[in-house]
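If you want the building blocks of each chain, they are given just below.
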Amino acid sequence: QMESVVKAMLPVIKRSMASPNQGVFQTSIDSMIRIERMFGKTAIDQHVETLADALEKLCAQQPNGESRAGAALKTLLTLCSEDSAAKLHRRFPKHAAAGTTSN
């Protein structure tokens, strides 16, 4: 059940993350939090690469893409395991260093 729910939510999260509308963008953050609360860090870890790809696209778009990517990454780092967080820190060193501290 977890896998089917998360797979169904991922496209919505990715589209919401790319939206120029702040409310829609916030929905992507809220959805990631909801997945972690319902299914735990494992659910986030299993799809962290997909979410990271969406963050990379967000960085490249719109004038405020960089700041939004930083906000989304900050949330994602709190929702995933330490191993996944370390991978995200390596993949996004600029954003990870700006908004978070290592555990």
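Being a predicted model, the structure only gives us computed values, none of them experimental.

Caption draft 1: Representation of helix α4 (residues 48-60) in the model. Taking 1.5 Å per residue, 13 residues should reach 18 Å; α4 reaches 19 Å between its end C-alpha atoms and fits that length. Regarding α4, the residues found buried are V48, L51, A52, A54, L55, L58 and C59. Projected down its long axis, α4 carries its buried residues within an arc of 160°, all on one side. Counted as exposed and oriented over 90 degrees from the buried face of α4: K57 and A60.

Caption draft 2: Expanded view of the environment of D83. Counting through the fold element by element, D83 comes out in helix α6 (residues 82-91). What makes D83 exposed here is its relative accessible area of 60%. C-alpha of D83 to C-alpha of A18: the two residues are 65 residues apart in sequence and 26 Å apart in space.

Caption draft 3: Summary view of the side chain of H47. Inspection of the secondary structure puts H47 in the loop between α3 (41-45) and α4. Using a relative accessible area of 9% as the deciding quantity, one classes H47 as buried. Among the polar contacts made by the side chain of H47, one reaches the side chain of E3 at a distance of 3.3 Å. Ignoring any residue separated from it by four or fewer positions in sequence, one finds H47 in contact with E3, V6, K7 and L10.

Caption draft 4: Summary view of the confidence of the model for the chain. On average, residues of the chain score 88 in pLDDT, and 91% of them are at 70 or above. Per-element confidence in the chain is highest for α3, whose mean pLDDT is 96, and lowest for helix α7 (residues 93-99), whose mean pLDDT is 67.

Caption draft 5: Examining the state of the cysteines more closely. Within the structure shown, the criterion is met by 0 disulfides. The closest cysteine sulfur to the non-disulfide-bonded C59 is located on C80, 16 Å from its own sulfur. Judged by its relative accessible area of 4%, C80 is buried.

What counts as what
Residues numbered from 1 in each chain as written. Predicted model: local features only at pLDDT ≥ 70, side-chain atom pairs only at ≥ 80, totals over all residues. Heavy atoms only, no water. Helix = DSSP H or I, 4+ residues; strand = E, 2+ residues; numbered from the N terminus. Expected span 1.5 Å × (residues − 1). Buried < 20%, exposed > 50% of the residue type's maximum accessible area, 1.4 Å probe, protein only. Arc of directions from axis to C-beta. Polar contact = N/O pair within 3.5 Å; in protein donor to acceptor, adjacent residues only side chain to side chain. Contact = heavy atoms within 4.5 Å. pLDDT = per-residue confidence, 0-100. Disulfide = S-S within 2.5 Å.

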